[in-house]
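# Observations on the model geometry
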2 protein chains.
Amino acid sequence: MSAETRSPIASLPIALDAAGGDSGAAPNVEGAVRAARAGVSVLLVGERVALHAELGKFQGSAALPIEIVDASDVIGMDEHASDVRSRTGASINVCTRLVKEGQAAAAVSMGHSGATMASALLTFGRIRGVERPAILTHLPARGGMTTLLDAGANADVKASYFAQWARLATVYLKVLEDQENPTVGLLSIGEEDHKGSALVLEAHALLRGLHGQGINFHGNVEGRDIFLGTTDIVVTDGFTGNVVLKLAEGEAKVMFGWIKDALNSGLKSRLGGLLARGSLRGLAERMDPSTYGASILIGVKGLAFIGHGSADATAVKNALLRAARAYEGRLLPRLEAAFGEQGISAPVAR
Amino acid sequence: MSAETRSPIASLPIALDAAGGDSGAAPNVEGAVRAARAGVSVLLVGERVALHAELGKFQGSAALPIEIVDASDVIGMDEHASDVRSRTGASINVCTRLVKEGQAAAAVSMGHSGATMASALLTFGRIRGVERPAILTHLPARGGMTTLLDAGANADVKASYFAQWARLATVYLKVLEDQENPTVGLLSIGEEDHKGSALVLEAHALLRGLHGQGINFHGNVEGRDIFLGTTDIVVTDGFTGNVVLKLAEGEAKVMFGWIKDALNSGLKSRLGGLLARGSLRGLAERMDPSTYGASILIGVKGLAFIGHGSADATAVKNALLRAARAYEGRLLPRLEAAFGEQGISAPVAR
């Protein structure tokens with residue numbers, strides 16, 4: 001890769017698993033083109049001939065900071081995540097290896113999320129002090145968004161993970177969203193300290209003890225607080241977090257369907273719907289997961305972003321911009337510093 | 001209590017904890033009046049003088065099948081559930097005792113839900129074969145509603161509970177909703193049988209083994225399936241279930257706020273909102289928890305319905321009607337029969 005492809009934003013390109021996702025290369029390539037126009041250089045990893053043809057559809061794409069890295073194998077959505085061990089030439093493995101070897105700033109994939117997690121964990125390893133990496137994601141909330149983790153990497157957890165995840169998410173919001181001292185809520189079934197499962201009670205005591213030491217612990221929050229935006233961060237186990245994420249998406253989808261039906265029931269409603277269309281479209285965008293582009297697998301020693309299989313070009317573009325910002329903001333060294341791995345001064349007081 | 005007060009629907013009155021809930025007696029009394037007009041007899045349990053005054057506000061209430069049972073003590077929303085042990089004269093304890101003694105068909109409370117659960121469990125005991133009672137509730141779903149349990153009674157669970165709850169909910173839907181063979185989904189983080197926490201994998205194997213023996217087991221479902229209505233029943237632990245319930249309510253509330261904002265942004269949208277108002281109100285009703293009135297504490301040897309603290313008169317009325325229907329449909333003996341406690345023929349094949 002030549003120096004000319006480096007963008008002014010990220011000093012290294014982002015490796016995009018261009019074959020990943022439900023719709024194949026098209027949204028990935030379009031997203032890469034749009035990100036490149038915004039100044040992010042991209043390595044499109046996948047079948048060279050197909051990607052070249054797809055890229056050729058965009059006028060002026062030859063002048064953009066986009067290069068193709070050939071990888072003919074791709075782990076399909078219905079294959080096993082464990083395949084990443086044997087299929088070293090699979091596109092997601094090529095992406096994480098490019099990061100590991102210092103040729104890319106981050107790996108981004110809209111493909112098989114289990115395979116992406118497995119590849120990142122195998123290739124990067126864990127940050128010292130982090131027992132398990134977590135999926136960090138965002139949900140829309142009153143007044144902005146709520147950052148949720150773990151959204152599904154760990155179905156079975158220990159209380160110690162919660163404290164580590166709270167620390168990781170705190171640094172993440174500091175770097176990516178310029179939040180100085182984000183609040184952390186522990187998801188439970190009552191606001192009172194003594195409410196929750198045995199696991200959550202243990203995690204509560206741990207987090208309470210770390211309050212002020214790089215974690216701004218608010219206390220317990222309930223399901224409703226996620227959308228109310230009571231805290232900036234909500235930590236929970238990967239089982240509950242995954243249920244939350246999929247429930248939230250499912251509810252929004254079904255509610256929008258009902259709104260649509262309501263605005264199609266009779267002439268008066270239909271006219272009303274036409275008049276209010278613009279405003280309601282803004283609302284739909286607000287609820288759309290593609291706004292944030294992708295989740296990050298946090299806690300590994302490398303940047304890996306995992307998107308929705310149904311991601312469109314906008315989601316891909318946003319994921320690439322977010323990955324570039326994470327690299328630019330030195331997210332990884334700052335996460336490592338927060339866990340005291342490196343000798344550099346910790347950005348988060350301990 | 002005289003025989004004249006018995007309604008044509010339920011042969012016994014329903015005991016209503018008339019002091020319970022965030023708004024005190026008013027919505028309870030109004031709900032009781034509306035239920036009585038619909039043919040359900042009610043025992044209003046609470047402070048006699050206050051209830052008498054409240055009841056007097058409704059024209060013709062003297063002729064309705066409503067009686068007042070005096071109980072001056074009430075367990076407040078901010079008090080401890082364990083208080084039910086010592087405060088035997090508290091309104092919720094009077095309600096459950098009336099049921100236990102055969103003077104009421106069911107207890108209904110919009111008050112302290114922990115206290116209601118504790119009082120019902122202490123007074124009624126458990127159905128033989130049921131290790132822990134669960135809170136069974138309903139959520140709106142595409143095509144109707146989804147029945148969810150446990151919605152919060154048990155934060156820590158064993159796999160065996162899931163199988164018992166699936167059986168209880170199956171009989172409940174048979175009796176209350178005339179569903180012959182409702183499908184049961186196990187909430188997990190992937191549809192495949194091998195996905196989930198260690199606990200869920202164990203529960204999956206148990207439920208799989210019981211398929212066809214009174215339980216129509218569909219397999220795993222995900223968070224999104226609750227609103228999609230993939231199965232009639234969704235079983236989960238009380239921690240996840242409570243998070244689901246409160247998240248669903250919180251998301252609906254925040255989304256309606258945003259819809260309102262969207263329809264107030266500019267003249268065109270405002271006009272559109274006015275035209276579509278009727279249809280959108282129908283949608284709001286669909287999402288409103290008061291439609292179903294109350295949840296049931298299922299698995300105890302008596303009928304106990306637990307409503308929202310914020311319940312309005314409609315929710316109270318619906319809860320009373322539902323309680324009467326449960327009694328009328330012989331829910332309790334049919335639940336006991338499903339667990340083989342009584343000699344009568346089981347309505348659910350085992």
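Residues numbered from 1 in each chain as written. Chains lettered and ligands numbered in written order. Predicted model: local features only at pLDDT ≥ 70, side-chain atom pairs only at ≥ 80, totals over all residues. Heavy atoms only, no water.

Going by the annotation in an unreviewed UniProt entry, the name recorded for chain A is Phosphate acyltransferase, with Deinococcus humi given as the source organism. As recorded by UniProt, the Catalytic activity (unreviewed entry) comment attached to chain A reads in full: "a fatty acyl-[ACP] + phosphate = an acyl phosphate + holo-[ACP]". Regarding chain A, the relevant UniProt record gives this comment under Subcellular location (unreviewed entry): "Cytoplasm". (UniProt positions renumbered as here; feature names shortened; annotations may be inferred.)

## Let's talk about the pairing of strand β2 (residues 42–46) of chain B
Within a regular strand, the side chains alternate between the two sheet faces. Residue and element names in this part refer to chain B. With respect to burial, β2 is a largely interior element, five of its five residues being buried. Of the two faces of β2, the one holding Val42, Leu44 and Gly46 and the one holding Leu43 and Val45 are both buried throughout. Alignment of strand β1 (residues 14–17) against β2, held across four bridges, turns out to be parallel. If you follow Leu16 over to β2, its bridge partner there is Leu44. For the crossover from β1 across helix α1 (residues 25–37) to β2, the handedness is right-handed. With five bridges connecting them, β2 and strand β3 (residues 66–70) associate as parallel partners. Pairing of Gly46 across the sheet is with Asp70, part of β3. In this fold, the crossover linking β2 to β3 by way of helix α2 (residues 48–56) has right-handed handedness. (Buried < 20%, exposed > 50% of the residue type's maximum accessible area, 1.4 Å probe, protein only. Helix = DSSP H or I, 4+ residues; strand = E, 2+ residues; numbered from the N terminus. Pairing = 2+ DSSP bridges. Right-handed = clockwise from strand over helix to strand, strands pointing away.)

## A few points about the nonpolar core
Counting residues in each nonpolar core, the largest one holds 241 residues, and the members touching the most others are Leu44(A), Val235(A), Leu331(A), Leu44(B), Val235(B) and Leu331(B). Those residues in contact with Leu331(A), other than ones at most four positions away along the chain, are Val171(A), Tyr172(A), Val175(A), Leu176(A), Ile296(A), Leu303(A) and Ala326(A). (Core = buried A, V, L, I, M, F, W, Y, C linked by side-chain atoms within 4.5 Å. Contact = heavy atoms within 4.5 Å.)

## What to know about the sheet that holds strand β7 (residues 183–187) of chain B
All names here are of chain B. If you walk across this open sheet you meet the eleven strands as β3-β2-β1-β4-β11-β10-β5-β6-β9-β7-β8, and the pairing is mixed. Looking at which strands have only one partner, the edges of the open sheet turn out to be β3 and β8 (216–221). Within this sheet the neighbouring strands show an average axis-to-axis angle of 30°, counted without direction. Across the sheet, helix α6 (residues 198–210) is in contact with β7, β8 and β9 (233–235); its angle to β8 comes to roughly 160°. (Axes fitted to C-alpha atoms, helices over the stretch in contact; angles between N-to-C directions.)

## Regarding helix α10 (residues 313–328) of chain A
All names here are of chain A. Taking 1.5 Å per residue, 16 residues should reach 22 Å; α10 reaches 22 Å between its end C-alpha atoms and fits that length. Inspection of α10 places Ala313, Ala315, Val316, Asn318, Ala319, Leu320, Arg322, Ala323, Ala324 and Ala326 among the buried residues, and these make up the whole buried set. The positive-phi residue at the C-terminal boundary of α10 is Arg330, with phi of around 55°. (Expected span 1.5 Å × (residues − 1).)

## What about the packing of helix α5 (residues 159–177) of chain A against helix α11 (residues 331–338) of chain A?
Residue and element names in this part refer to chain A. Packing of α5 against α11 brings their axes to within 10 Å, and their N-to-C directions diverge by 145°. Judged by the sense of rotation from one axis to the other, the crossing of α5 with α11 is right-handed. Packed against α5, whose contacting residues are Arg167, Leu168, Val171, Tyr172, Lys174, Val175 and Leu176, the element α11 presents Leu331, Arg334, Leu335 and Ala338 at the interface. Its residues assigned to classes, the contact of α5 with α11 shows eight nonpolar, no polar and three charged. (Left-handed = near helix turned anticlockwise from the far one by under 90°. Nonpolar A, V, L, I, M, F, W, Y, C, P; charged D, E, K, R; others polar.)

## With respect to the relation of the copies chain B and chain A
The transformation that overlays chain B on chain A combines an axial shift of 0.0 Å with a rotation of 180°, and the residual RMSD is 0.0 Å. The superposition of one copy onto the other is thereby described by a two-fold rotation axis. In terms of proximity to the rotation axis, the leading residue of chain B is Gly272(B), whose C-alpha is 1.7 Å off the axis. Most of the interface of chain B is mirrored in chain A, where 100% of its interface residues are also at the interface. (Least-squares fit on C-alpha atoms with pLDDT ≥ 70 in both.)

## Digging into unusual backbone geometry
Residues and elements named next belong to chain A. For the peptide bond that leads from Leu149 to Asp150, omega is 0°, which places it in the cis range. Tracing the chain through its elements places Asp150 in the loop between β6 (144–149) and α5. The residue Asp178 is not glycine, and still its phi comes out positive at about 55°. Relative to the elements of secondary structure, Asp178 occurs in the loop between α5 and β7 (183–187). Among the residues examined, Asp178 registers a relative accessible area of 67% and is labelled exposed. Its identity as a non-glycine residue notwithstanding, Arg330 has a phi of 55°, on the positive side.

## Re helix α11 (residues 331–338) of chain B
Note that an α-helix has 3.6 residues per turn; residues three or four places apart therefore point the same way. Residues and elements named next belong to chain B. Counting buried residues in α11 gives six out of eight residues, a clear majority hidden from the surface. When α11 is considered as a whole, its buried residues turn out to be Leu331, Leu332, Leu335, Glu336, Ala337 and Ala338. Where α11 is buried, its residues meet α5 (159–177), β10 (295–298) and α10 (313–328). One or two positions beyond α11, positive phi appears at Gly340, with a value near 70°.

## A look at the sheet that holds strand β10 (residues 295–298) of chain A
All names here are of chain A. Sheet architecture is open: eleven strands sit in the order β3-β2-β1-β4-β11-β10-β5-β6-β9-β7-β8, paired in mixed fashion. On the outer flanks of this sheet lie β3 (66–70) and β8 (216–221), each paired with one strand and no other. Here the strands of the sheet are splayed against their neighbours by 30° on average, with no regard to which way each runs. Taken together, the three bridges between β7 and strand β9 (residues 233–235) define a ladder with parallel strand orientation. Bridge assignment links Gly185 to a residue of β9, and that residue is Val234. Lying over the sheet, helix α8 (residues 238–262) contacts β5 (134–141), β6 and β7, oriented at roughly 35° with respect to β5.

## What about the domain arrangement of chain A?
Residues and elements named next belong to chain A. Once the domains are mapped, chain A shows domain 1 (1–130 + 299–350) and domain 2 (135–290). Put simply, the middle of domain 1 and the middle of domain 2, counted by C-alpha atoms, are 25 Å apart. With 23 residues of domain 1 at the contact, the number on the domain 2 side is 17 residues. Of the roughly 1,800 Å² buried at the junction of domain 1 and domain 2 (both faces included), carbon and sulfur atoms supply 68%. One can count one salt bridge joining domain 1 with domain 2. The salt bridge involving Arg322 is made with Glu177; its shortest N-O contact spans 2.7 Å. Those elements that place two or more of their residues in the side of domain 1 that touches domain 2 are α10 and α11. Take the side of domain 1 that touches domain 2: its biggest share by element is six residues, from α10. (Domains from an automatic or database assignment. Buried area = accessible area lost by both parts, 1.4 Å probe. Salt bridge = Lys/Arg side-chain N within 4 Å of Asp/Glu carboxyl O.)

## Re the interface of chain B and chain A
For interface size, the figure often reported is the accessible area lost on association. Facing the 52 residues of chain B at the interface are 52 residues of chain A. The interface formed by chain B and chain A contains two salt bridges. Between Glu222(B) and Lys246(A) there is a salt bridge; the shortest N-O distance is 2.2 Å. When contributions to the side of chain B that touches chain A are tallied by element, the ones reaching two or more residues are β5 (134–141), α6, α7 (223–228), α8 (238–262) and α9 (267–287) of chain B. Tallying contributions element by element places α8(B) first for the side of chain B that touches chain A, with 20 residues. Each residue belonging to the side of chain B that touches chain A can be placed in one class, and the counts come to 29 nonpolar, 13 polar and ten charged.

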